[in-house]
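# Fold and contact review
Each chain, letter by letter, is given below.
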Amino acid sequence: QTGRAVWQLQSWYVWGQGGKAVTAPAINVSPGDELKTYMSLVDDVWTVYGENTNTGEQSILTITREALGCDCDFEWAMLVHETITKKTNYCDTYPASDAIDYKNAMADGKAFEWVQRVQKDDCNQEISVDGSDVTFSW
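Residues numbered from 1 in each chain as written. Predicted model: local features only at pLDDT ≥ 70, side-chain atom pairs only at ≥ 80, totals over all residues. Heavy atoms only, no water.

### A look at the pairing of strand 12 (residues 133-137)
- For strand 12, a buried count of 4 out of 5 residues is recorded, marking the element as mostly surrounded by other parts of the structure.
- Note that strand 8 (residues 99-102) and strand 12 share 4 bridges and pair antiparallel. Across the sheet, the residue bridging to Ala 99 is Ser 137, located in strand 12.
- Pairing geometry for strand 11 (residues 126-130) and strand 12, over 5 bridges, is antiparallel. The residue bridging Asp 130 from the neighbouring strand is Asp 133, located in strand 12.
- In this structure, the hairpin formed by strand 11 and strand 12 is closed by a connection of 2 residues, where Gly 131 is found at a positive phi of approximately 65 degrees. (Buried < 20%, exposed > 50% of the residue type's maximum accessible area, 1.4 Å probe, protein only. Helix = DSSP H or I, 4+ residues; strand = E, 2+ residues; numbered from the N terminus. Pairing = 2+ DSSP bridges.)

Written as structure tokens, this is what we have:
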């Protein structure tokens, strides 16, 4: 990008077995922004949606089962807080707020059974779950 630190939201559809990865445009987000996201399947078309409700910008990905090359019904989804940064000494690149909250994260109106996985903990990264609310903190 421009050499400055930015946070972005981007809708992805990844199916490892099929070797498929498709992305929608990335949109910039800032600490304190409220984001609306969902994934849906209607008439064999998957939609992965993300919106920064503060700016109105959207990241919308649609893909058909035909384009995937399968008649797939997926039984799980992932909420990922992924950082692409240098390998070490990057803790100061996280927002000063010390956390990102995901509120009301549900599937078909029901709370998920969460499997928490933290791959880096050198900035005290943690995940906490309270029903349908998920917090990534550092």
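### What to know about the side chain of Ser 11
- By the element assignment, Ser 11 lies in the loop between strand 1 (7-9) and strand 2 (12-15).
- In this structure the side chain of Ser 11 is engaged in a polar contact, spanning 3.2 Å, whose partner is the backbone oxygen of Val 48.
- The contact partners of Ser 11, leaving out residues within four places of it in the chain, are Val 22, Thr 23, Ala 24, Val 48, Tyr 49, Gly 50, Ser 59, Ile 60 and Leu 61. (Polar contact = N/O pair within 3.5 Å; in protein donor to acceptor, adjacent residues only side chain to side chain. Contact = heavy atoms within 4.5 Å.)

### What about the sheet that holds strand 12?
- Within the open sheet, the 3 strands sit side by side as 8-12-11. Their pairing is antiparallel. Strands with a single pairing partner mark the edges of an open sheet, and in this sheet they are strand 8 and strand 11. Neighbour-to-neighbour, the strand axes of this sheet turn through a mean angle of 15 degrees, independent of strand direction. (Axes fitted to C-alpha atoms, helices over the stretch in contact; angles between N-to-C directions.)

### Section: unusual backbone geometry
- A positive phi angle, close to 50 degrees, is found at Asp 43, a residue other than glycine.
- Among the structural elements, Asp 43 can be located in the loop between strand 5 (35-42) and strand 6 (45-52).
- Classification of Asp 43 by relative accessible area gives exposed; the value is 72%.
- Notably, Asn 89 is not glycine yet its phi reads approximately 55 degrees, a positive angle.
- Topologically, Asn 89 is positioned in the loop between helix 1 (65-68) and strand 8.

### Thoughts on the state of the cysteines
- Summed over all chains, the structure comprises 1 disulfide.
- Here Cys 91 connects covalently by a disulfide to Cys 123, the sulfurs 1.9 Å from one another. Its S-S torsion of about -90 degrees marks the bond between Cys 91 and Cys 123 as left-handed, since a negative value means left-handed. Remark: Cys 123 occurs in the loop between strand 10 (110-111) and strand 11 and Cys 91 occurs in the loop between helix 1 and strand 8; sequence separation between them is 32 residues.
- Cys 91 sits in the partly exposed class, given a relative accessible area of 35%.
- When its relative accessible area of 8% is taken as the criterion, Cys 123 is described as buried. (Disulfide = S-S within 2.5 Å.)

### Quick word on the sheet that holds strand 7 (residues 58-64)
- If you walk across this open sheet you meet the 3 strands as 5-6-7, and the pairing is antiparallel. Pairing within the sheet leaves two strands with one partner each, and these edge strands are strand 5 and strand 7. Direction aside, the axes of adjacent strands within the sheet are offset by 5 degrees on average.
- One ladder, built from 8 bridges, connects strand 5 with strand 6; its direction is antiparallel. What sits directly across from Met 39, in strand 6, is Val 48.

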